[in-house]
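An overview of the molecular structure
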Amino acid sequence: MQELERLLRPRRPVPVYLIGAIVLLMGVSIWLATRLYDNHQAVLALEIQVQAHRAKQLKPTVTKPSNASLATQQQWQALAAERSFAWQTVFGAIEGAAKADVELLEFVPDKRNGKIVLRGEARDRKALLDYVTLLAAQPGLVQVHLVREQVVMRERLETVEFEVRSTLKTR
């Protein structure tokens with residue numbers, strides 16, 4: 001029975017100073033946790049700033065390409081210019097203006113500027129002018145100009161040497 005009384009008796013209240021101490025400890029621990037979090041964030045921000053300053057101070061190393069790589073690069077550029085040149089347009093225009101009275105001796109393409117130079121001989125001045133007129137009428141050529149003409153005597157045969165320059169039509 002005594003045992004039953006002891007179990008049925010109300011418990012003693014927890015002392016107020018103990019509850020106050022627990023609340024105080026919880027408050028201090030929360031305050032310390034927020035301070036620690038704030039300090040951690042400040043350290044992260046400072047690390048980012050330090051990395052930014054170091055990146056500014058480090059000068060990028062510029063490597064000078066070797067002569068071999070420069071030569072290779074120039075070869076690739078020349079090949080690209082060769083491939084992108086409008087060969088079909090040029091040859092189509094030259095074949096479209098071909099005449100029996102005109103002999104084309106030299107063809108010099110300027111691949112970078114999209115121009116061509118044609119040198120040859122014509123039987124006479126009229127045949128040359130007809131040839132230049134036919135070249136100017138070709139759809140792939142613009143600005144066809146007779147740059148030079150000269151009458152030449154070869155073994156009692158009189159011909160006209162000429163040079164014609166033209167620009168390729170851009171698409």
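Scroll up to find the structure.
To keep things clear, this report deals only with the structure shown in the data block. (Residues numbered from 1 in each chain as written. Predicted model: local features only at pLDDT ≥ 70, side-chain atom pairs only at ≥ 80, totals over all residues. Heavy atoms only, no water.)

A few points about the overall build of the chain
The secondary structure content of the chain amounts to 5 helices and 4 strands. What you see for the chain is a C-alpha radius of gyration of 47 Å, clearly larger than the 16 Å of a compact globule of 171 residues, by over 25%. C-alpha atoms of the chain, sized along the principal axes, occupy 155 × 40 × 25 Å. The proportion of buried residues among the 171 residues of the chain is 19%. Of the contacts made within the chain by residues no fewer than 6 positions apart, 55% connect residues no fewer than 24 positions apart. If you sum the accessible surface of the chain, you get close to 14,300 Å²; carbon and sulfur atoms cover 59% of it. Positive and negative side-chain charges of the chain, numbering 24 and 18 respectively, have mean locations separated by a distance of 15 Å. (Helix = DSSP H or I, 4+ residues; strand = E, 2+ residues; numbered from the N terminus. Rg over C-alpha atoms; globule rule 2.2 N^0.38 Å. Buried < 20%, exposed > 50% of the residue type's maximum accessible area, 1.4 Å probe, protein only. Contact = heavy atoms within 4.5 Å. Areas by Shrake-Rupley, 256 points an atom, 1.4 Å probe, with all protein chains shown as cover. Lys, Arg positive; Asp, Glu negative; His and termini not counted. Charge placed at Lys NZ, Arg CZ, Asp CG, Glu CD.)

Digging into the packing of aromatic side chains
Enumeration over the complete set of coordinates arrives at 4 aromatic pairs. Seen from their ring centres, Trp-87 and Phe-107 are 6.3 Å apart, and the 65 degrees between their planes marks the pair as edge-to-face. Of the two residues, Trp-87 sits in helix H4 (residues 87-96) while Phe-107 sits in strand E1 (residues 102-110), which places them 20 residues apart along the sequence. By relative accessible area, which is 25% here, Phe-107 ends up partly exposed. (Phe/Tyr/Trp six-rings, centres within 6.5 Å; stacked < 30°, edge-to-face > 60°.)

So, the nonpolar core
Leu-118, Tyr-131, Leu-135, Leu-141, Phe-162 and Val-164 are the most contacted members of the largest nonpolar core, which totals 19 residues. For Val-164, the residues in contact, after removing those within four places along its chain, are Ile-116, Val-117, Leu-118, Val-132, Leu-135, Val-144, His-145 and Leu-146. (Core = buried A, V, L, I, M, F, W, Y, C linked by side-chain atoms within 4.5 Å.)

Some thoughts on the sheet that holds strand E4 (residues 157-168)
Read from one edge to the other, the open sheet built from 4 strands follows the order E1-E2-E4-E3, with strand pairing classed as antiparallel. In this open sheet, the two strands that pair with only one neighbour each are E1 and strand E3 (141-154). Across the sheet, the mean angle separating the axes of adjacent strands is 15 degrees when strand polarity is ignored. Across 8 bridges, the pairing between E1 and strand E2 (residues 115-122) is antiparallel. Bridging across to E2, Asp-110 finds its partner in Lys-115. In the packing of H4 onto the sheet, contacts are made with E1, E2, E3 and E4, and the angle to E1 comes to roughly 160 degrees. Packed onto the sheet, helix H5 (residues 125-136) meets E1, E2, E3 and E4 and runs at close to 165 degrees relative to E3. (Pairing = 2+ DSSP bridges. Axes fitted to C-alpha atoms, helices over the stretch in contact; angles between N-to-C directions.)

Some details on unusual backbone geometry
The phi angle of most residues is negative, glycine excepted, and most peptide bonds adopt the trans form. Located in the positive-phi region is Glu-155, a residue other than glycine, with phi close to 45 degrees. One can find Glu-155 in the loop between E3 and E4. The exposed category is assigned to Glu-155, whose relative accessible area is 81%. Of note, Arg-156 is a non-glycine position whose phi angle comes to about 65 degrees, a positive value. Relative to the helices and strands, Arg-156 is located in the loop between E3 and E4. The exposure class of Arg-156 is exposed, given its relative accessible area of 82%.

Distances and angles like these do not, on their own, reveal function.
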